Amino acid sequence: MNTTTHRALPWRRAATAVSALALAFGAATAATPTAAAATAPDATVSAGWNDYSCKPSAAHPRPVVLVHGTFGNSVDNWLALAPYLVARGYCVFSFDYGQLPGVPLFHGLGPVDKSAEQLSAYVDRVLAATGAPETDLVGHSQGGMMPRYYLKFLGGAAKVNALVGIAPDNHGTDVNGLTRLLDQFPDAEKYLDSLAPSLNDQIVGSDFLKRLNEGGDTVPGVRYTVIATKYDEVVTPYKSQFLNGPDVRNVLVQDLCPTDLSGHLVIGLADRVAFHETANALDPAHATPTTCTSR
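Quick look at the structure, then. These numbers come from a predicted model, not from an experiment.

## Details of the state of the cysteines
Here is the idea: a disulfide is a covalent bond, and it sits between the sulfur atoms of two cysteines. Per the counting criterion, the structure on display carries two disulfides. Between the sulfur atoms of C54 and its disulfide partner C91 the distance amounts to 2.0 Å. Here the S-S torsion is close to -80°, and the disulfide linking C54 with C91 is therefore left-handed. In this pair, C54 sits in the loop between α2 (41-46) and β1 (64-67) while C91 sits in the loop between α3 (81-86) and β2 (92-95), placing the two residues 37 residues apart along the sequence. Disulfide partner of C257: C292, at an S-S distance of 2.0 Å. A torsion of 110° about the S-S bond marks the disulfide between C257 and C292 as right-handed. Of this pair, C257 sits in the loop between α9 (253-256) and α10 (264-269) while C292 sits in the segment after α11 (272-282); the two residues are 35 residues apart in sequence, bridging distant segments of the chain. Relative accessible area serves as the criterion here: at 4%, C257 is assigned to the buried category. In this structure C292 comes out as partly exposed when scored by relative accessible area, which is 36%. Counting only the cysteines that form disulfides, in the order they appear in the chain, gives the pairing 1-2, 3-4.

Structure representation (structure tokens):
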């Protein structure tokens, strides 16, 4: 082995570790893109959501803003849950955040604090269109955690009634121990940060998460619901998803349906147990028991 190859080897190993980490996040959090659908607003309007003429009803007076996860987008993440909520009489909206230049369809990759600023602007847009004084937020993965920055630091608590996090990485993740590989390689975190800053922000112990969780998980005036699965392979350990504080309800889907085998991706995209619990969280006054046969 020549000297140049020998010196490059640690960086090759670092790149391999970082790439594996990115794939672990991406493979289990990203929906399969529908390509044109993700960039065609009319596609979502025709499906009943992102209709800015929608006015909330007396039964459901707050619009619902859906916040996708890492490597997700405003359409693919919500092809099942958005119509589910529309059918129940909600005005439903979704948006893209955390875009990186030259990376289409796969979003949620930018710094999480900057993504929270995008959420803030979008909530203002939805409230202006609907005339509602508050909204409810439903997010999957990073989309269930990132809004907490908006609530805590950007004035969001005055505009949000409830936050429902489906498999959120509220206290970070070690991706089943994979993030420990980063400690073995100098500057690996810098490399990851250049690749996708949000991945660094979501690693357990990150500076971002320390700031987010310092002084408590919640802010007054907002109801919090966390819906988790014990088979989550991305946000690990799964109990790290749960929040502590007043007005918090932590739900494990296996407590409601022991045969539910959903992992990180399925719980956000297709799990009717999680969907039913989301509906209960949005309208607790009319909540009904959630079972394996909930629809």
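## Things to note about the environment of A196
Here A196 shows up in the loop between α6 (188-195) and α7 (197-201). Judged by relative accessible area, A196 falls into the buried class, the value being 3%. The sequence separation of A196 and F71 amounts to 125 residues, and the corresponding C-alpha distance is 9.9 Å. The contacts of A196, once residues within four sequence positions are left out, are L100 and L109.

## Examining the pattern of salt bridges
A side chain of one charge can pair with a side chain of the opposite charge when the charged atoms of the two come close. This structure, assessed with the given rule, holds four salt bridges. Residue D136 is joined to R62 by a salt bridge in which the shortest nitrogen-to-oxygen separation is 3.0 Å. Of this pair, D136 sits in strand β3 (residues 135-140) while R62 is found in the loop between α2 and β1, placing the two residues 74 residues apart along the sequence. As far as burial versus exposure is concerned, D136 and R62 are alike and both buried.

The rules behind these values
Numbering of residues starts from 1 in every chain and runs along the sequence as written. Two thresholds apply to this predicted model, a pLDDT of at least 70 for residue-level local features and 80 or more for giving and counting side-chain atom pairs, whereas whole-chain, interface and lining totals are computed over all residues. Side-chain calculation: all heavy atoms of the structure are included, whereas hydrogens and water are not. Note that a disulfide, as used here, is simply two cysteine sulfur atoms within 2.5 Å. Helix and strand assignments follow DSSP, with helices taken as H or I runs no shorter than four residues and strands as E runs no shorter than two, numbered in order from the N terminus. A simple rule labels every residue: compare its accessible area, found with a 1.4 Å probe on the protein chains alone, to the largest value its type can have, and call it buried under 20%, exposed over 50%, or partly exposed in between. Any two residues having at least one pair of non-hydrogen atoms within 4.5 Å are treated as being in contact. Here a salt bridge means any side-chain nitrogen of Lys or Arg lying within 4 Å of a carboxyl oxygen belonging to Asp or Glu.

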